[in-house]
Every structure is written in structure tokens, then in C-alpha cells.
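# Structural description and commentary
Letter by letter, the chains look like this.
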Amino acid sequence: MGNTVAREDFEWVYTDQPHADRRKEILAKYPEIKALMKPDHNLIWVVVLMVLAQLTAFYLVKDLDWKWVVFWAYVFGSCISHSMTLAIHEISHNSAFGNSKAMWNRWFGIFANLPLGLPYSISFKRYHMDHHRYLGGDGIDVDIPTNFEGWFFCTRFRKFIWIVLQPFFYAIRPLCINPKPISRLEIINLLAQLSFDVVIYYLWGGKSVFYMLAGSVLGLGLHPISGHFIAEHYMFLKGHETYSYYGPLNLLTFNVGYHNEHHDFPNIPGKSLPLVKKIAAEYYDNLPQYNSWIKVLYDFVMDDTISPYSRMKRHLKGEVKQD
């Protein structure tokens, strides 16, 4: 199904990523943007409410027929779960309590992780900081697919399967590209998560645990919100490395669609990124952008010139510092 795409390797570039230079230029012109570099304390209450919503759902599905458990896992649980991964993304940037209380953010991330069913928060933070510092860095940025993914998922049908299996590739890719020693916080994240899962099983049974895990897997796979995985950095237009999305799903995703703005100012919480775009409109209005993540998924599968290879990749120079 579908022809093999023409691309046979990543787009290797030998320039630095554009975000640091643009940040410097924007701040020189609009120094008032520095006032937005502060924590979003409302994030704390939003996350608490999301955890409570999922706990309520775990209770409500415990006696349903399996078909309804699956239905609600996809229709409701998947949206909350994917949204929570993006809340964890915000927390990884210390947006909840600020940089002065970094450990508060780590503990809060572990709390936010609980309704996902699988430990995620601490490992994500370690690798995500590399993604910002060394965007596209060979052997460092695990957001870049492996050579196997680029080589194998090269037809329309295989690209569709690749989208369905996104959670698997995001989990296994760091072990292939840039394995790191397990940290103490990762062990705590794992033990807290296993304890939570056991408690849910003990209280409400297997259907609640299935709903929790299925919602996470389905929400990160073939799902409208998952269009952001591809929209952010896959090169639909040659020479453009990062793309923003300005559609309504930003309301569920803490404005992660404002991705050029986020990479330019990673220490500004998602709620303030639309204001960054408004203040520095001339820097963002003419950059390539999307209004539909569903269309991004469709175009990725159907466009035979796009594949997991459609990423900019760079050899890093000088000293590399990782978390």
C-alpha cells in the first residue's frame, strides 16, 4: 500500500538551531517578554483536577461491560492521559513552582504521572532538556527517530502503523540512541507508580487498571492530539525545522502547539506563549504553521515524500552536557 518514499536519510545540517538567535533578537526588541518568564501556579490546580477526574473515571468504569471500558478509554481517558503528558512537559520546565523550587516540580511531576499507569515523568525531563539544548543532535536528541524507523516505515501502510505504535517507539528509542544510568528519582517514580497501580487494582479491579493503561497507549498513538508529535519538527517544508500549530486543541495541551515560541522561550509557561506570539508577531506570523493536527497525520501517511527520515539532524560540536 503506497510507494516507498524517496528519502533515504535524514536532512543533515551544519548550522546551529535557529531558536537561540531568534530569542536574543526578540528580547533585544521586546524586553517586556522577560516578565513572562515566571511560573504558572494555576497549573498546579489544573493538574490536581485532572488527577481527580481520572480517579473518578477509574471508579465509574469498574463495573461496565468491556466494550464500554474500551470506548471510554479512547473517548475520554486517552484525552486526559495525553493532556497529562503535556502537563508533565510543562512541569519538566519548572512551570508549576518555578526554577527556585526545582525539586517541588520533580515531586509534582511524579504525582501528575500517577493516572498514566506507567512511569514517565522523571525520564521525560532528563531527555527533554537534551532535546532543547541539542535539537536534532546526533546520538543525543531522542526525539529523532532511529535509522531503522526511517528505513522500515517507508510506505503509507507502514507509516500508519508507526503512528499507532508511537508510545512504543518513544519508550524504546532512548535505550537505543542515548541510554543513561537510572537515577534515584527514576526509581522513586517507578516505585510510586507501581504502588499506585496496585492500589487501583485492589480497590476497583482489572477494568480500572485496563482503562488507565489503555487510555495512555491509545492517547499517545492514533489520536488527534498525537498530531503534535509530527507537527512539531517533521520537515514538511525543506529548511524549516520547527512548526507551530494554532488550532483549538491547544486548549487541551497547554499550548504545546506554539512550538516555535516554546523553543525560543522554553522558560515561559504554555499559557503565556500566545502573548509571546502577539508581542513579536512579525517573527512568527510568516513561519510555516498548522491549523489541524488531524490533517498533519493524514498528510504524513499519504505524502510519499514524508517519512520518519524527514527530520533535520546535526553533528554536535564542542562539549555536550546532559542531565
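Residues numbered from 1 in each chain as written. Predicted model: local features only at pLDDT ≥ 70, side-chain atom pairs only at ≥ 80, totals over all residues. Heavy atoms only, no water.

### So, the overall build of the chain
Put simply, the rule reads: Put simply, DSSP H or I for four residues or longer makes a helix, DSSP E for two residues or longer makes a strand, and each gets a number counted from the N terminus. As a reference, a globule follows 2.2 Å times the number of residues to the power 0.38, and the radius of gyration itself is taken over C-alpha atoms. Whether two residues are in contact is decided by their heavy atoms, any of which lying within 4.5 Å being enough. For the purpose of charge, His is not counted, nor are the chain termini; Lys and Arg are scored as positive and Asp and Glu as negative. Every charge is mapped onto a representative atom, which is NZ of Lys, CZ of Arg, CG of Asp or CD of Glu.
Of regular secondary structure, the chain possesses 15 helices and 4 strands. Expected size for 323 residues packed as a compact globule is a radius of gyration near 20 Å; at 20 Å, the chain falls within 12% of this value. Principal-axis analysis of the C-alpha atoms gives the chain an extent of 55 × 50 × 40 Å. Long-range contacts, defined here as pairs at least 24 residues apart, represent 80% of the contacts in the chain between residues at least 6 apart. The chain carries 31 positive and 29 negative side-chain charges, and their two centres are separated by 4 Å.

### Quick look at a nonpolar patch on the surface
Where we set the bar: Only residues whose relative accessible area exceeds 30% and that take part in no salt bridge are eligible for patches, with like-charged residues grouped when within 9 Å of each other and nonpolar side chains (Val, Leu, Ile, Met, Phe, Trp, Tyr) grouped when within 5 Å. Only the protein chains shown count as covering a residue, and every accessible area follows the Shrake-Rupley method with a 1.4 Å probe. Any Lys or Arg side-chain nitrogen located within 4 Å of an Asp or Glu carboxyl oxygen qualifies as a salt bridge. Buried residues are those whose accessible area, probed at 1.4 Å on protein chains only, stays under 20% of the maximum for their type, while exposed residues exceed 50% and partly exposed ones sit between those limits.
Taken together, the side chains of Trp68, Phe71, Trp72, Tyr74, Val75, Phe76 and Leu218 make up a nonpolar region of the molecular surface, amounting to roughly 600 Å² of accessible area. Broken down by element, the nonpolar patch gets its largest block of residues, 6 residues, from helix H3 (residues 66–92). Relative to the helices and strands, Tyr74 resides in helix H3. With a relative accessible area of 33%, Tyr74 lands in the partly exposed category.

### Focus: helix H15 (residues 293–302)
The condition that has to hold: Note that the arc is defined by the directions from the helix axis to the C-beta atoms. Whenever a nitrogen or oxygen atom comes within 3.5 Å of another N or O atom, the pair is scored as a polar contact, on the condition that within protein one atom can donate a hydrogen and the other can accept it, and that pairs from neighbouring residues in sequence are kept only if both atoms are in side chains.
Along H15, the positions that sit buried rather than exposed are Trp293, Val296, Leu297, Phe300 and Val301. One side of H15 holds all its buried residues, which, seen down the axis, span an arc of 125 degrees. Turned more than 90 degrees from where H15 packs its buried face, Ile294 and Tyr298 sit exposed. Close packing links the buried residues of H15 with helix H7 (156–164), helix H11 (227–231), strand S2 (244–245) and strand S3 (289–290). Measuring from the side-chain oxygen of the N-cap residue of H15 to the backbone nitrogen of Ile294 gives 3.4 Å; that N-cap residue is Ser292.

### Some thoughts on empty space enclosed by the protein
The condition that has to hold: A cavity here means a set of 1 Å grid points, computed over protein atoms only, where a 1.4 Å probe fits but cannot escape. A pocket is an open set with protein on both sides within 12 Å along at least 5 of 7 lines, and lining residues have an atom within 4 Å of a point. Grid points are joined across faces, edges and corners, and a volume is the space filled by probe spheres set on the points. Under the scheme applied, nonpolar residues are Ala, Val, Leu, Ile, Met, Phe, Trp, Tyr, Cys and Pro; charged residues are Asp, Glu, Lys and Arg; polar residues are all the others, including Gly.
On inspection of all chains with the given rule, the structure shows 1 cavity of 30 Å³ or more. Roughly 40 Å³ of internal volume is contained in the largest cavity. Lining the largest cavity are Ile88, Ile91, Ser92, Asn105, Arg106, Gly109, Ser121 and Lys125. Those elements giving two or more residues to the lining of the largest cavity turn out to be H3, helix H4 (102–113) and helix H5 (121–133). Grouping the amino acids of the lining of the largest cavity by side-chain chemistry returns 2 nonpolar, 4 polar and 2 charged.

### Some remarks on unusual backbone geometry
The phi torsion of most residues other than glycine is negative, and most of the peptide bonds are trans. For Asn94, which is not glycine, the phi torsion reads 60 degrees and is therefore positive. Take Asn94: it is sitting in the loop between H3 and H4. Assessed through its relative accessible area of 12%, Asn94 is described here as buried. In the Ramachandran plot, Asn255 falls in the positive-phi region, its phi being about 60 degrees despite a non-glycine side chain. On the secondary structure map, Asn255 appears in the loop between S2 and helix H12 (259–264). Judged by relative accessible area, which is 13%, Asn255 ranks as buried.

### What about the nonpolar core?
Spelled out, the test is: Side-chain atoms within 4.5 Å are what join buried Ala, Val, Leu, Ile, Met, Phe, Trp, Tyr and Cys residues into a set we call a nonpolar core.
Of all hydrophobic cores here, the largest spans 38 residues; its most connected members are Val47, Met84, Trp162, Ile230 and Phe300. If you look at the next biggest cluster of nonpolar residues, it comprises 14 residues, including Ile26, Tyr30, Phe265 and Leu273.

### Considerations on the side chain of Asp130
Of note, Asp130 is situated in helix H5. Leave out the neighbours within four places in its chain, and Asp130 touches Leu135, Ile140, Asn178, Lys180, Lys321, Gln322 and Asp323.

### Considerations on the layout of surface pockets
Considered as a void within the structure, the largest pocket measures approximately 1200 Å³ in volume. Lining of the largest pocket is provided by 38 residues; of these, Tyr120, Ser123, Phe124, Tyr170 and Ala171 occupy positions nearest its centre. Within the residue set of the lining of the largest pocket, elements represented by two or more residues are H3, H5, helix H8 (166–177), helix H9 (184–204), helix H10 (206–219) and H11. Within the lining of the largest pocket, the residues separate by chemical class into 22 nonpolar, 10 polar and 6 charged.

### With respect to the packing of helix H2 (residues 42–60) against H9
Put simply, the test is: Where helices are involved, their axes are fitted lines through C-alpha atoms of the stretch in contact, as for all axes, and angles between N-to-C directions lie from 0 to 180°. With the far helix as reference, a near helix turned anticlockwise by less than a right angle produces a left-handed crossing, and one turned clockwise produces a right-handed crossing.
Put simply, H2 and H9 touch, their axes get as near as 10 Å, and they point 40 degrees apart. The element H2 and its partner H9 pack so that their crossing is right-handed. Here Leu55, Phe58 and Tyr59 of H2 lie close against H9, whose contacting residues are Phe196, Ile200 and Trp204. Here the residues of the contact of H2 with H9 sort into 6 nonpolar, no polar and no charged.

### Examining the UniProt feature "transmembrane region" (unreviewed entry) in the chain
Quick note on the threshold: UniProt positions are given in the numbering used here, feature names are shortened, and annotations may be inferred rather than shown by experiment.
In the numbering used here, UniProt assigns the feature "transmembrane region" (unreviewed entry) to residues 43–61, 68–87, 107–124, 187–204 and 210–231. Helix makes up 95% of residues 43–61 and strand 0%, and the two end C-alpha atoms of the span are 27 Å apart. Across residues 107–124 one finds 61% helix and 0% strand; the C-alpha atoms that close the span lie 14 Å apart.

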